[in-house]
Amino acid sequence: MAMLSALDDLHQILGYMATALAVVLALALGRGPERTCALIVVGETFVDIAVLSQIDPSVRWWVVQIKAGLVLAAYAAAVWRWPDRWLILMLALQGCALLLHLSSWLDATLLVRSNALLRNSIGWLMMILLASAAIGKAIRRHDARRRQADAC
């Protein structure tokens, strides 16, 4: 159990570092959808760090569920506005994270640490997807500008 706890803590620390890197890449290289996702990630991280640490532990579980639902709704609104494939995948991953949150409520025999590791893994996938989408779109824009300049 101590090994799972150490891995969970390591995932948490590295997750915050990856979040910061993905947000900087998305804000610097991205356009509308990438920047919107970066702002959703910043808001979610702010709630995790600043708000959840101040909330009474007896209410924290409900606040986490509400936060996960609101983040899912924010991604759904972004998909509604920009129906990109990578954004739809972000929505699906956030939906999986919400289901993992709710699974601990439905089945109390699930290990909390295992569930947390799965949610951290989903978070990693989402950050890798956001960073790669921002970089990929920036490369496509650069290539389009270069082809346009070569055509003139």
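Residues numbered from 1 in each chain as written. Predicted model: local features only at pLDDT ≥ 70, side-chain atom pairs only at ≥ 80, totals over all residues. Heavy atoms only, no water.

### Things to note about the overall build of the chain
The number of helices and strands found in the chain is five helices and zero strands. Walking the chain from its N terminus toward its C terminus, one meets helices and strands in the order α-α-α-α-α. Projected onto the principal axes, the alpha-carbon positions of the chain cover approximately 65 × 30 × 25 Å. When each of the 152 residues of the chain is scored for burial, the buried share is 34%. For the chain, long-range pairs separated by at least 24 residues make up 70% of all intrachain contacts whose partners lie at least 6 apart in sequence. Only carbon and sulfur atoms are counted for the fraction: they give 71% of the accessible area of the chain, which is about 9400 Å². Each charge sign in the chain was given a centre, from 14 positive and 10 negative side chains, and these centres are 10 Å apart. (Helix = DSSP H or I, 4+ residues; strand = E, 2+ residues; numbered from the N terminus. Buried < 20%, exposed > 50% of the residue type's maximum accessible area, 1.4 Å probe, protein only. Contact = heavy atoms within 4.5 Å. Areas by Shrake-Rupley, 256 points an atom, 1.4 Å probe, with all protein chains shown as cover. Lys, Arg positive; Asp, Glu negative; His and termini not counted. Charge placed at Lys NZ, Arg CZ, Asp CG, Glu CD.)

### A few points about the pattern of salt bridges
One pass over the structure, following the stated rule, counts five salt bridges. The salt bridge involving Lys137 is made with Asp84; its shortest N-O contact spans 2.7 Å. You can see Lys137 sitting in helix H5 (residues 112-151) and its partner Asp84 sitting in the loop between helix H3 (57-81) and helix H4 (85-106), a full 53 residues away along the chain. Judged by relative accessible area, which is 19%, Lys137 ranks as buried. Connected through salt bridges with shared partners, the residues Glu34, Asp84 and Lys137 form a single ionic network. (Salt bridge = Lys/Arg side-chain N within 4 Å of Asp/Glu carboxyl O.)

### Let's talk about the environment of Val64
Summarising the element assignment, Val64 is placed in helix H3. Residue Val64 is classed as buried on the basis of its relative accessible area of 15%. Sequence-wise, Val64 and Trp80 are 16 residues apart; in three dimensions their C-alpha atoms are separated by 24 Å. If we ignore the near neighbours within four places in the chain, the residues touching Val64 are Leu52 and His101.

### Remarks on the packing of H4 against H5
One can describe the packing of H4 onto H5 by two numbers: an axis separation of 10 Å at closest approach and a directional angle of 170°. With respect to H5, the axis of H4 lies roughly antiparallel. Note on element contacts: H5 touches H4 through Asn115, Leu118, Arg119, Ile122, Leu125, Met126, Leu129, Leu130, Ala133 and Lys137, opposite Trp86, Leu89, Met90, Leu93, Gln94, Cys96, Ala97, Leu100, His101, Ser103 and Ser104. Partitioned by chemical class, the residues of the contact of H4 with H5 number 14 nonpolar, five polar and two charged. (Axes fitted to C-alpha atoms, helices over the stretch in contact; angles between N-to-C directions. Parallel < 35°, antiparallel > 145°, perpendicular 65-115°, else oblique. Nonpolar A, V, L, I, M, F, W, Y, C, P; charged D, E, K, R; others polar.)

### Observations concerning the packing of aromatic side chains
Going through the model one piece at a time under the given rule, you end up with one aromatic pair. Ring geometry for Trp61 and Trp62: centres 4.8 Å apart, planes at 90°, overall edge-to-face. Note on Trp62: relative accessible area 48%, which makes it partly exposed. (Phe/Tyr/Trp six-rings, centres within 6.5 Å; stacked < 30°, edge-to-face > 60°.)

### Some remarks on helix H2 (residues 32-51)
Taking 1.5 Å per residue as the helical rise, H2 with its 20 residues ought to reach 28 Å, and the 27 Å between its terminal C-alpha atoms agrees with that figure. Three or more residues of H2 are buried, namely Pro33, Glu34, Cys37, Ala38, Ile40, Val41 and Thr45. For H2, the buried positions fall inside an angular range of 160° around the axis, keeping them on one side. Exposed side chains of H2 directed beyond 90 degrees from the buried face belong to Leu39 and Phe46. (Expected span 1.5 Å × (residues − 1). Arc of directions from axis to C-beta.)

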